[in-house]
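Structure assessment
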Amino acid sequence: MTANGWFQISFFLLVIFLLTKPLGVFMMRVFNREKTFLDPILRPVERLVYRLTGVDEKHEMRWTEYAIAMLLFSGVSMALLYLIERTQKWLPFNPQKFGNVEPGLAFGTAASFTTNTNWQAYSGESMMSYLTQMAGLAYHNFASAAVGIVLALVVIRGIARKETDKLGNFWVDATRCLLWVLLPICLVGSLALVSQGVIQNLKPYTTVELIEPQTVPVTGADGKTTTQTVTQQVIAQGPVASQEAIKEFGTNGGGFFGANSAHPFENPTPLANFFEMVLIFAIPSGLTYTLGRMTGSQRHGWAVWAAMAFLFLAGVTTAYWAEARGNPLLAGTDQGVSALQPGGNMEGKEVRFGIANSALFATVTTDASCGAINGQHDSFTPLGGMVPLVNIMLGEVVFGGVGAGLYGIIVFAILAVFIAGLMVGRTPEYLGKKIESYDVKMAMLAILILTLTILGFSAVAIVKPFGTSGISNPGPHGLSQVLYAYVSSTGNNGSAFGGLSVNTMWYNTSTAAAQLLGRFFMIIPVLAIAGSLAKKKTVPESAGTFPVTGGLFAGLLVSTILIVGALTFFPALSLGPILEHLLMHAGKIF
């Protein structure tokens, strides 16, 4: 670890802190339908959209109606993406003449992008046409992000409103999110990335002659390996910058290229790398300020932000420490930092980013439900790789994905005040609303759905041949690979321990099922909580009210998140990365 590395990590968190208030205020104005500087341009467009679609912007929905609208929108969007994938061979903007995507992979990809997971069992540059990338995948990057954001706003409204069953209009909220929040910032962000060298074109792939021919091993259909001399290389390109901006800002994570943000066409410079990380955390951090402003308790919003920041720092510190120490089995090898080498465990990392930015990116992308990567998590040390795994297991509430992180941490906040109420023998209250048995049951249902899905699918995959056949490393690391696949799918993250072969019927269908369960079966209990809170009266604070605005609440919130995560997943972690770490120091590696 170096002073320069710590400076970069600290500077990143400072930038996120400084963006929190302005972006939070802007989103509050957008969703409260207050005047913004973009209104003269976007308000006429918004009215035109409503006129064409027949939406009554004054109509407000109950939570059940809101949920039905969200499910219908997501279902139709998923079917549309599946259709595009299955017919891309005959559609335009396919200069490489890619064929249609096979049914299992097309279904898995459609489910993945609809749920904001962006799990990729393929390399985009070798399978998806430009039209599929733009009209299919990039569209879902906007749509799924908008769904997450508006659901967070519904929960905030449920807390802020009283004695009503109205929570807003899904179609209006989604339209305003797309027009005011996502599109303008992504337009500017795309141009910023182009300035750094991220490509944006519709040209066919370029074939170039190698300066030095390369001899590579080739395995034939008969299983025999022969050598072949390669004299040419195909350089993939396409509309990358426009997808890259929303991929990060919408915490989607699906890369245009298989190498994702480790590819120089997606992430060419340290400045581009820093900008992409800021985009990932921008909305989740801003929503904590929106929570405080809309509920009338700004100190509560900052308490939530502080809890998230503490967990973020704990994760990035652990990952940075583990990776900077290097591999103890490389005895006699100098792994220290010097003017000639970065030091530490550089396997699977880009030299232009180094240890600090690789550890920071891995922490950021799994704190949020993003899943973009600038290094190979499979090549991290056992404890370094455990950090992304644990981040997702905690529900990605450490800032979290767009919207998902906020409503996820509100679920934990309800559990925290319920525990506090049990301690003092009073009915728990949260921002003036009494937390009753129905609210706690819905909160626990959301948590248990995630737990059951992750551990259930992992248990099947680790004992059946159709699951174990995809494992590339034996022992505890193989368990970590499988566990990460279902943690990432259920948590709608999308990153992976890259050593697992997942383009099979079992993994395509099971991960798709995990993604759909993790997205929609968690959203419904959360919306039910919002509907329940909106109907309640506001109760004045009393001497026995547990404060949710200071360090005590932030500490209890962090403890609740860690205890729930530890009790649920510690046995699996003990058999995976923790055991692997102990065996590594005993001289064995996998």
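Okay, so let's go over this structure.

To continue, consider the overall build of the protein chain. A tally of regular secondary structure across the protein chain gives 17 helices and 4 strands. A compact globule built from 590 residues would reach a C-alpha radius of gyration of about 25 Å, and the protein chain, at 24 Å, matches this within 12%. Taken along its principal axes, the extent of the C-alpha atoms in the protein chain is 75 × 60 × 50 Å. Put simply, the protein chain has 590 residues, and 57% of those count as buried. Partitioning the contacts of the protein chain with sequence separation of at least 6, the portion at a separation of at least 24 is 78%. For the protein chain, the computed accessible surface area is about 23300 Å², with 66% contributed by carbon and sulfur atoms. Side chains of the protein chain give 35 positive and 32 negative charges; the mean places of these two sets differ by 10 Å.

Turning our attention to the pattern of salt bridges. The full count for this structure, using the stated rule, is 14 salt bridges. One salt bridge in this structure joins Glu 46 and Arg 43, with 2.5 Å as the shortest N-O distance. In this pair, Glu 46 and Arg 43 both sit in helix 2 (residues 39-53), 3 residues apart, roughly one turn of the helix. For Glu 46, a relative accessible area of 0% puts it in the buried group. Across the pair Glu 429 and Lys 434 runs a salt bridge, and its minimum N-O distance is 3.5 Å. With relative accessibility at 30%, the residue Lys 434 sits in the partly exposed group. In the salt-bridge network here, residues are joined through shared partners; they are Arg 43, Glu 46, Glu 57 and Arg 176.

With that settled, the discussion passes to the nonpolar core. Formed by 129 residues in total, the largest nonpolar core has its most connected members in Phe 12, Val 181, Leu 182, Ile 283 and Phe 312. Broken down by element, this core gets its largest block of residues, 14 residues, from helix 5 (residues 130-160). In this structure, Ile 283 is in contact with Leu 23, Met 27, Ile 149, Val 181, Leu 182, Phe 249 and Val 402, ignoring residues within four places of it in sequence.

Before going further, it helps to examine a nonpolar patch on the surface. Where nonpolar side chains cluster on the molecular surface, the patch consists of Phe 7, Phe 11, Leu 14, Phe 17 and Leu 18 and spans about 500 Å² of accessible area. On the secondary structure map, Leu 18 appears in helix 1 (residues 3-31).

A few words on unusual backbone geometry. The phi dihedral of Asn 116 is positive, around 65°, even though this residue is not glycine. For Asn 116, a relative accessible area of 2% puts it in the buried group. Look at Asn 260: it is not a glycine, yet its phi comes out positive at around 60°. Along the chain, Asn 260 falls in the loop between helix 7 (241-249) and helix 8 (270-295). Here Asn 260 falls in the buried class, since its relative accessible area comes to 5%.

Glancing now at the pairing of strand 1 (residues 206-219). As paired strands, strand 1 and strand 2 (residues 225-235) are joined by 10 bridges and run antiparallel to one another. Looking at the pairing, Glu 209 lines up with Gln 232 of strand 2. Hairpin connection, strand 1 to strand 2: the antiparallel pair is bridged by 5 residues, and Gly 223 has positive phi, about 90°.

Below, the discussion takes up helix 9 (residues 298-325). For helix 9, spanning 28 residues, the distance from its first C-alpha to its last is 41 Å, which sits close to the expected 40 Å at 1.5 Å a residue. One or two positions beyond helix 9, positive phi appears at Gly 326, with a value near 85°.

Calculation notes
- Residues numbered from 1 in each chain as written.
- Predicted model: local features only at pLDDT ≥ 70, side-chain atom pairs only at ≥ 80, totals over all residues.
- Heavy atoms only, no water.
- Helix = DSSP H or I, 4+ residues; strand = E, 2+ residues; numbered from the N terminus.
- Rg over C-alpha atoms; globule rule 2.2 N^0.38 Å.
- Buried < 20%, exposed > 50% of the residue type's maximum accessible area, 1.4 Å probe, protein only.
- Contact = heavy atoms within 4.5 Å.
- Areas by Shrake-Rupley, 256 points an atom, 1.4 Å probe, with all protein chains shown as cover.
- Lys, Arg positive; Asp, Glu negative; His and termini not counted.
- Charge placed at Lys NZ, Arg CZ, Asp CG, Glu CD.
- Salt bridge = Lys/Arg side-chain N within 4 Å of Asp/Glu carboxyl O.
- Core = buried A, V, L, I, M, F, W, Y, C linked by side-chain atoms within 4.5 Å.
- Patch = residues over 30% accessible without salt bridge, like charges linked within 9 Å, V, L, I, M, F, W, Y side chains within 5 Å.
- Pairing = 2+ DSSP bridges.
- Expected span 1.5 Å × (residues − 1).

Take it as geometry only, folks, not as evidence of what the structure does.
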